[in-house]
Amino acid sequence: MSILTPLRSTPSLPGRSARPARVRRWDRIMGLNARNQLIARANPPRAVRLVNDKVATKRALTAHAVPVADTLLVIDSRRTLARLDLDALPDSFALKPSQSLGGSGILLAARRRADGDGWESASGRPITVGDVREHVRCILDGEYSPRGDDVAFVEPLIRAHPVLDEMSFRGLPDIRVICVDDRPLTAMLRLPTSASGGRANLHQKAIGASVDLATGLVERAWMDGRSIETHPDTGNRLTGRRVPHWATVVDAARRCSAATGLRYLGADVVVDADRGPLLLEVNARPGLQIQNVTGRGLLDILPSEVAA
């Protein structure tokens with residue numbers, strides 16, 4: 001019997017938002033157990049450990065010509081931190097833990113303060129050199145890592161391409177592409193909203209938008225269990241828009257398997273206003289919400305050699 005024996009989803013109860021109309025065959029929806037079995041079969045532990053380390057993953061991706069954000073600084077110990085002149089950091093940057101989950105522990109400095117004393121967040125909150133130093137200490141102590149101590153690294157701040165910025169509310173939108181080996185299977189945009197606090201997190205009421213793999217066109221958008229056509233905060237249209245640099249986005253996603261050793265993965269790509277598509281993260285355990293967004297069960301599109 002296949003490890004991918006699906007779990008039959010329960011139809012919506014009265015009073016709850018229905019699943020998208022295109023999802024007709026409940027037995028082709030991948031459930032959590034089926035996904036976990038697939039991951040255990042397809043993704044070697046060594047590859048999973050690699051992608052859990054963002055600094056190591058960036059090195060592996062770069063070796064396979066996958067575009068990633070530059071790494072400006074790696075801080076691996078308190079001794080290294082003590083030697084650094086943090087005030088020399090650029091006018092805008094992203095400070096990240098290497099092993100965090102779900103985007104936790106990221107500090108974003110949007111601009112240098114007018115008086116030159118530290119930075120500001122996108123909302124105008126002051127960020128002092130002391131704040132940055134303390135945040136690095138928290139990262140090193142493993143506050144954001146499920147595996148204990150961690151490493152901090154700094155990247156240039158990513159600013160969304162104008163087309164995607166117009167489709168979002170404040171935060172950074174990204175593109176999730178599910179791949180098996182070098183074959184992209186399905187894709188969605190994740191667009192921040194005021195309800196999501198500017199984060200591209202579907203569980204926090206960000207928008208998921210299905211993207212056609214061949215053309216990069218947004219086919220439909222989905223938020224909190226219902227289909228929408230315009231952004232609830234801005235009124236800007238979502239459906240029918242084309243994701244910029246789509247061919248490069250797909251090419252970056254398809255290279256991730258060879259770079260990391262994962263067979264089944266979710267590639268998260270952002271499109272920077274100046275640098276174009278950048279691979280942000282590779283997920284060994286991509287979530288299942290993409291099925292609601294695209295209206296198609298993952299078991300319908302998995303290649304037979306993986307499903308067997």
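What you are looking at is a predicted structure, and each value in this text was computed from that prediction instead of being measured.

## Regarding the pattern of salt bridges
Part 1: Here the structure, examined in full by the defined rule, presents 20 salt bridges.
Part 2: Where Asp 141 meets Arg 78, a salt bridge forms, and the shortest distance between an N and an O atom there is 2.9 Å. Residue Asp 141 is located in the loop between helix H5 (129–140) and strand E7 (152–155), and its partner Arg 78 is located in helix H4 (residues 78–83); the two are separated by 63 residues in the primary sequence.
Part 3: For Arg 176, the salt bridge identified is with Asp 268, shortest N-O distance 2.4 Å. With Arg 176 in strand E8 (residues 174–180) and Asp 268 in strand E13 (residues 264–272), this pair connects stretches of sequence that are 92 residues apart. Comparing Arg 176 with Asp 268 shows no difference in burial state: the two are buried.
Part 4: One salt-bridge network, in which partners are shared between bridges, spans Asp 174, Arg 176, Arg 190 and Asp 268.

## A word on the environment of Arg 183
Part 1: Secondary-structure assignment places Arg 183 in strand E9 (residues 183–191).
Part 2: For the pair Arg 183 and Ser 257, spaced 74 residues apart in sequence, the C-alpha to C-alpha distance is 9.1 Å.
Part 3: Not counting residues within four places of it along the chain, the set of residues in contact with Arg 183 comprises Ile 178, Pro 303 and Glu 305.

## A few points about the packing of aromatic side chains
Part 1: Within the structure shown, the criterion is met by one aromatic pair.
Part 2: Seen in terms of ring centroids, Phe 93 and Trp 119 are 5.2 Å apart; in terms of plane orientation they differ by 90°. Their pairing is edge-to-face. Of this pair, Phe 93 sits in strand E2 (residues 93–97) while Trp 119 sits in strand E5 (residues 119–120), placing them 26 residues apart in sequence.

## Here we look at the sheet that holds E9
Part 1: With antiparallel pairing, seven strands are arranged side by side in an open sheet as E12-E11-E10-E9-E8-E13-E14. Either end of the sheet is taken by a strand with one partner, and the two such strands are strand E12 (226–228) and strand E14 (276–283). This sheet shows a mean twist of 30° between the axes of neighbouring strands, independent of strand direction.
Part 2: Across the sheet, helix H7 (residues 246–254) lies against E8, E9, strand E10 (207–211), E13 and E14, angled at about 45° from E8, the strand it touches most.

## Points about unusual backbone geometry
Part 1: Here Asp 181, not a glycine, exhibits a phi torsion of approximately 55°, which is positive.
Part 2: Mapping Asp 181 onto the fold places it in the loop between E8 and E9.
Part 3: Residue classification places Asp 181 among the buried residues on the basis of a relative accessible area of 18%.
Part 4: At Asp 224, a residue that is not glycine, the phi angle is positive and equals roughly 55°.

## A word on the UniProt feature "domain: Alpha-L-glutamate ligase-related protein ATP-grasp" (unreviewed entry) in the protein
Part 1: When the UniProt feature table is mapped onto this chain, "domain: Alpha-L-glutamate ligase-related protein ATP-grasp" (unreviewed entry) is found at residues 35–301.
Part 2: When the span residues 35–301 is considered, its composition is 27% helix and 25% strand, and the gap between its end C-alpha atoms is 13 Å.

## Regarding the environment of Cys 256
Part 1: Among the structural elements, Cys 256 can be located in helix H8 (residues 256–260).
Part 2: Among the residues examined, Cys 256 registers a relative accessible area of 0% and is labelled buried.
Part 3: C-alpha of Cys 256 to C-alpha of Asp 181: the two residues are 75 residues apart in sequence and 8.1 Å apart in space.

## So, the side chain of Asn 43
Part 1: Within the secondary structure, Asn 43 is located in the loop between helix H1 (32–42) and helix H2 (45–51).
Part 2: Here Arg 263 takes part through its backbone nitrogen, which lies 3.1 Å from a polar atom of the side chain of Asn 43.
Part 3: The contacts of Asn 43, once residues within four sequence positions are left out, are Leu 38, Val 48, Leu 262, Arg 263, Tyr 264 and Ala 284.

Calculation criteria
Residues numbered from 1 in each chain as written. Predicted model: local features only at pLDDT ≥ 70, side-chain atom pairs only at ≥ 80, totals over all residues. Heavy atoms only, no water. Salt bridge = Lys/Arg side-chain N within 4 Å of Asp/Glu carboxyl O. Helix = DSSP H or I, 4+ residues; strand = E, 2+ residues; numbered from the N terminus. Buried < 20%, exposed > 50% of the residue type's maximum accessible area, 1.4 Å probe, protein only. Contact = heavy atoms within 4.5 Å. Phe/Tyr/Trp six-rings, centres within 6.5 Å; stacked < 30°, edge-to-face > 60°. Pairing = 2+ DSSP bridges. Axes fitted to C-alpha atoms, helices over the stretch in contact; angles between N-to-C directions. UniProt positions renumbered as here; feature names shortened; annotations may be inferred. Polar contact = N/O pair within 3.5 Å; in protein donor to acceptor, adjacent residues only side chain to side chain.

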